[in-house]
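Observations on the model geometry
Chain by chain, the residues run as shown.
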Amino acid sequence: PPVDTKWLEVCGTLYYRNCEVGIFVYSRYCFLAKEGASNQRSPFITFVLGGPGSGKGTQCVKIAETFGFAHLSAGDLLRKEMSSDNENRAMIWDIIKEGKIVPSEITVNLIRRAIESSKNHKILIDGFPRSDENRIAFERIVGVEPDLVLFFDCPEEEMVKRVLNRNQGRIDDNIETIKKRLKVFEKLNLPVINHYSAKGKVYKINAEGTADEIFEKVRPLFASLSI
Ligand SMILES: Nc1ncnc2c1ncn2[C@@H]1O[C@H](COP(=O)(O)OP(=O)(O)O)[C@@H](O)[C@H]1O
Ligand SMILES: Nc1ccn([C@H]2C[C@H](O)[C@@H](COP(=O)(O)OP(=O)(O)O)O2)c(=O)n1
């Protein structure tokens, strides 16, 4: 793509201060330059990942408020499906109660519909993809890759503490199910993070500290995006 010196200078400065931001802004610039050349506008998709209770939902609300993103939560979409009258509700209930992953076809179609009905072209997809199977189904059904993957890295004991204090009456926020969810996260979700890391798309954030402190680590990344 065409590169002008002003952009190279900005990216170089960002690289010097924080290499991940510099590389990320540069790759976005190349993407936009290419997109501009083909005159298309596809949504800017951010996957937000992290273990149960790592603070994905909390940070997504802040990003959405501050930077005007739409916030689509895979867990919320599934919980809505579980509480409405449809053929899958009992199956979704059983899987979530067991801390397992709902079949990708169901989750991806809920996300696809939510993307299609959103007027916003900046989209956060919270808690998805949870497995390589989720990821591959998304690529097949929605037909795009994420532009960015945020990963909230949090110690297990902190995640357990937060989930047990969440108090939203969720069927999976009990110690037995949390132990299973943590195992599923390690076995199925970490490979997804490794896959996107190898593609240079992951922005990892240490999720310890208060929600406001963590958001101050998230802010510079989104402030640097020209979307
Ligand atoms: N940095 C934080 N410190 C302490 N508690 C937090 C923090 N971030 C979120 N929480 C609380 O922890 C619980 C889990 O956070 P949530 O955003 O729902 O996590 P996730 O979406 O990753 O499961 C919620 O009750 C939330 O209010
Ligand atoms: N892509 C997804 C996202 C969530 N689920 C199911 C399984 C998860 O344990 C529950 C809750 O997910 P949610 O993202 O709301 O919550 P946690 O991050 O686990 O706290 O939903 C799924 O099967 N597939």
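This write-up is about the structure you can find in this document.

Calculation notes
- Per-chain numbering applies: the sequence of each chain, read as written, is numbered from 1 onward.
- Chain letters start at A and ligand numbers start at 1, both assigned in the order the entries are written.
- Side-chain atom pairs in this predicted model are given and counted only at pLDDT of 80 or more, local residue features only at pLDDT of at least 70, and totals for whole chains, interfaces and linings cover all residues.
- The side-chain quantities take in all heavy atoms of the structure and omit both hydrogens and water.
- For the purposes of this entry, the term helix denotes a DSSP run of H or I that reaches at least four residues, the term strand denotes a run of E that reaches at least two, and both are numbered from the N terminus.
- Classification of residues uses two cut-offs on accessible area relative to the type maximum, computed with a 1.4 Å probe and protein chains only: under 20% is buried, over 50% is exposed, and between them is partly exposed.
- One bridge is not enough; two strands pair if DSSP finds at least two bridges between them.

1. Points about unusual backbone geometry
- Omega for the bond connecting F128 with P129 falls within 30 degrees of zero, at -5°, which places this linkage in the cis form.
- Its location among the elements puts P129 in the loop between β3 (122–126) and α7 (132–141).
- Here the phi dihedral of N167 falls at roughly 60°; this positive angle occurs in a residue that is not glycine.
- The exposure class of N167 is exposed, given its relative accessible area of 74%.

2. A closer look at the pairing of β3
- For β3, the tally of buried residues reaches five of five residues, placing the bulk of the element in the interior.
- Here β3 shows no split at all, with K122, L124 and D126 on one side and I123 and I125 on the other all buried.
- Sheet analysis places strand β1 (residues 44–50) next to β3, joined by five bridges and oriented parallel. Directly across from F47, in β3, lies its bridge partner I125.
- Relative to β3, strand β2 (residues 70–73) runs parallel, the two sharing four bridges. Looking across to β3, one finds that H71 is bridged to L124.

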